[in-house]
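# Descriptive analysis of the structure
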Amino acid sequence: MSEIDLEDLPGVGATTAEKLREAGYGTVESVATATTSDLAEAAEIGEATAKKVILAARKMADIGGFKTGRDILDKRKDIKKLSTLVPEFDELVGGGLETQAITEVYGEFGSGKSQLVHQMAVNAQLPEELGGLAGGVIYVDTENTFRPERIEQMLNGLPEGAEIGEIEEVLERIHVARAHSSDHQMLLLETARELANDLRNSDYPVRLFVIDSLTSLFRSEYAGRGTLAPRQQKLNRHMHDLLKLIDDHNAVGLVTNQVMSNPGVLFGDPTKPIGGNIVGHTATFRIYLRKSKGGKRVARLVDSPNLPEGEAAFMVEQAGLRPC
Ligand SMILES: Nc1ncnc2c1ncn2[C@@H]1O[C@H](COP(=O)(O)OP(=O)(O)OP(=O)(O)O)[C@@H](O)[C@H]1O
């Protein structure tokens, strides 16, 4: 989303900006891509003025230009890896969860998605030499599953020598917001952007953005026939907002997702994530989690651009994620 206010556009005062917003033109980008007649009608301005506003918006909008392959290589050199502290799991994902990429973890109810996310919220705070990112965490919680008590158990379970402070300090670095609707969830990424910008030069800049669960609110709100297309469009925008955030902050994006079927439901593939390709195309890494014998969990890497498919087993214990 744009960081420029509509009011910054020449010829747009508070009243016009309000009319634009009401008509759905909330960002400079949306104005930049509007047609003259649509905008003139929406803002109740003449077509000539509308044209000027659109041209100004195109100049100001962060449309993004071309970069050379070398620029991209330089940016990729900044990529860091966040360790799960389970060697086999790290190996599966090429050394840890990557910054500048979204990792999607999906699986059935109780498969351990939230456990993994809690563990990463602790690990992100570790210094880099211990597998962390020396960073803070932004955590969007849509199902009220964040538990500070679980963070404390995992903090106490960190390996010897991995000191990240007292529990109060550790919790201070995890910024949690509860989302109440899919619209609210999307808006929270706006707040997240402001917060992450404020923390950019702090001792613990945000290096991990979590959305747990990415899809549950979308799934419950868009349940009827004919709602799939709008749902997918919104999810797509949401994923792209997240992508921009993690790119701006060289952070890890970690989202959880459910599978199509629930216990007791006859239809739906228990191995297919919600949101399908829309989520899949934006997530760089997709990990399918499942429960296995003896309390074991198995993580399977699915669809990675540069890593072989494979599996890693781990345990969820009181002290956190552990190798088997
Ligand atoms: N303190 C703990 N000690 C050991 N195991 C725990 C502890 N807390 C949770 N677990 C394990 O984690 C499981 C729950 O996993 P989690 O909450 O991550 O599920 P999930 O995949 O996020 O499911 P959902 O889709 O319902 O959110 C429990 O069934 C239990 O096996």
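Per an unreviewed UniProt entry, the protein chain carries the name DNA repair and recombination protein RadA and comes from Methanoculleus sediminis. Quoted verbatim from the Sequence similarities (unreviewed entry) heading of the UniProt record, the comment on the protein chain is "Belongs to the eukaryotic RecA-like protein family." The Function (unreviewed entry) field of the UniProt record for the protein chain holds the comment "Involved in DNA repair and in homologous recombination. Binds and assemble on single-stranded DNA to form a nucleoprotein filament. Hydrolyzes ATP in a ssDNA-dependent manner and promotes DNA strand exchange between homologous DNA molecules."

What follows covers the domain arrangement of the protein chain. Domain annotation of the protein chain identifies domain 1 (6-60) and domain 2 (70-323). Taking only C-alpha atoms, the centre of domain 1 and the centre of domain 2 are 37 Å apart.

With that settled, the discussion passes to the pattern of salt bridges. Under the counting rule described, the total for this entry stands at twelve salt bridges. Notably, a salt bridge pairs Arg193 with Glu190, separated by 3.1 Å at the nearest N-O pair. Of this pair, Arg193 and Glu190 both sit in helix α10 (residues 182-198), three residues apart, which is roughly one turn of the helix. Of the residues examined, Arg193 reaches a relative accessible area of 12% and is grouped as buried.

Turning next to the UniProt feature "binding site: ATP" (unreviewed entry) in the protein chain. UniProt's entry tags Gly107, Glu108, Phe109, Gly110, Ser111, Gly112, Lys113 and Ser114 with the feature "binding site: ATP" (unreviewed entry), counted in the numbering of this structure. In this fold, Ser111 is placed in the loop between β3 (101-107) and α7 (113-123). With respect to the element layout, Lys113 can be found in helix α7. Taking relative accessible area as the criterion, Lys113 reaches 9% and is therefore assigned buried. Excluding residues within four positions of it along the chain, Lys113 makes contact with Val105, Tyr106, Gly107, Glu108, Thr256, Asn257 and Leu289.

So, on to the UniProt feature "domain: RecA family profile" (unreviewed entry) in the protein chain. Mapped onto this structure's residue numbering, the UniProt feature "domain: RecA family profile" (unreviewed entry) falls at residues 78-259 and 264-316. Overall, residues 78-259 shows 42% helix and 19% strand. The separation of its end C-alpha atoms is 33 Å.

The environment of the ligand is made up of 15 residues, and the closest members are Gly110, Lys113, Ser114, Gln115 and Arg297. In this structure, an oxygen atom belonging to the ligand sits 2.8 Å away from a main-chain N or O atom of Gly110. One of the backbone nitrogen or oxygen atoms of Ser111 is found 3.1 Å away from an oxygen atom of the ligand. For the ligand, the protein covers 69% of the area, taking 650 Å² as the surface of the free molecule. Of all the secondary-structure elements, those providing two or more residues to the shell around the ligand are α7, α8 (148-156) and β10 (310-317). Residue contributions to the shell around the ligand peak at three residues, all from α7. The class makeup of the residues in the shell around the ligand is two nonpolar, eight polar and five charged.

This part is about the environment of Arg297. Counting through the fold element by element, Arg297 comes out in strand β9 (residues 296-302). With sequence-adjacent residues up to four places away left out, Arg297 is seen in contact with Gly110, Ser111, Gly112, Arg290, Lys291, Ala312, Ala313, Phe314 and Val316. Within the structure, Arg297 has its side chain in polar contact with the backbone oxygen of Gly110 (distance 2.8 Å). Side-chain polar atoms of Arg297 contact the backbone oxygen of Ser111, separated by 3.4 Å.

Another point: helix α1 (residues 14-22). Listing the buried residues of α1 in full gives Thr16, Ala17 and Leu20. End-on view of α1: buried residues confined to an arc of 100°, all on one side of the axis. Exposed residues pointing more than 90 degrees away from the buried face of α1 are listed as Ala14, Thr15 and Glu22. Structurally, α1 contributes buried residues whose contacts are with α2 (28-32) and α3 (36-43). Looking one or two places after α1, you find Gly24, whose phi comes out positive at around 95°.

The rules behind the values
- All residue numbers refer to position in the chain's written sequence, counted from 1.
- Local features are withheld for residues below a pLDDT of 70 in this predicted model, meaning they are given only at 70 or higher, and side-chain atom pairs are given and counted only at 80 or more; totals for whole chains, interfaces and linings count all residues.
- Excluded from the side-chain calculation are hydrogens and water; included are all heavy atoms of the structure.
- UniProt positions are given in the numbering used here, feature names are shortened, and annotations may be inferred rather than shown by experiment.
- For the purposes of this description, domain bounds are those given by an automatic or database domain assignment.
- Salt-bridge detection follows one rule: a side-chain nitrogen of Lys or Arg within 4 Å of a carboxyl oxygen of Asp or Glu.
- Helix and strand definitions here come from DSSP, where helices need a minimum of 4 consecutive H or I residues and strands a minimum of 2 consecutive E residues; each element is numbered from the N-terminal end.
- Any residue under 20% of the maximum accessible area for its type is buried, any over 50% is exposed, and the rest in between are partly exposed; the area is computed with a 1.4 Å probe on protein chains only.
- Two residues form a contact once any of their heavy atoms are found within 4.5 Å.
- Proximity is defined per residue: any heavy atom of the residue falling within 4 Å of a molecule or strand makes that residue near it.
- Identification of polar contacts relies on pairs of N or O atoms within 3.5 Å, with a donor-acceptor requirement for protein atoms, meaning one able to donate a hydrogen and the other able to accept it, and with residues adjacent in sequence counted only if both atoms are side-chain atoms.
- In short, Shrake-Rupley with a 1.4 Å probe defines the accessible areas, and a residue's cover is counted only from the protein chains shown.
- For this classification, Asp, Glu, Lys and Arg are treated as charged, while Ala, Val, Leu, Ile, Met, Phe, Trp, Tyr, Cys and Pro are nonpolar and the rest, including Gly, are polar.
- In this context, the arc is that of the directions from the helix axis out to the C-beta atoms.

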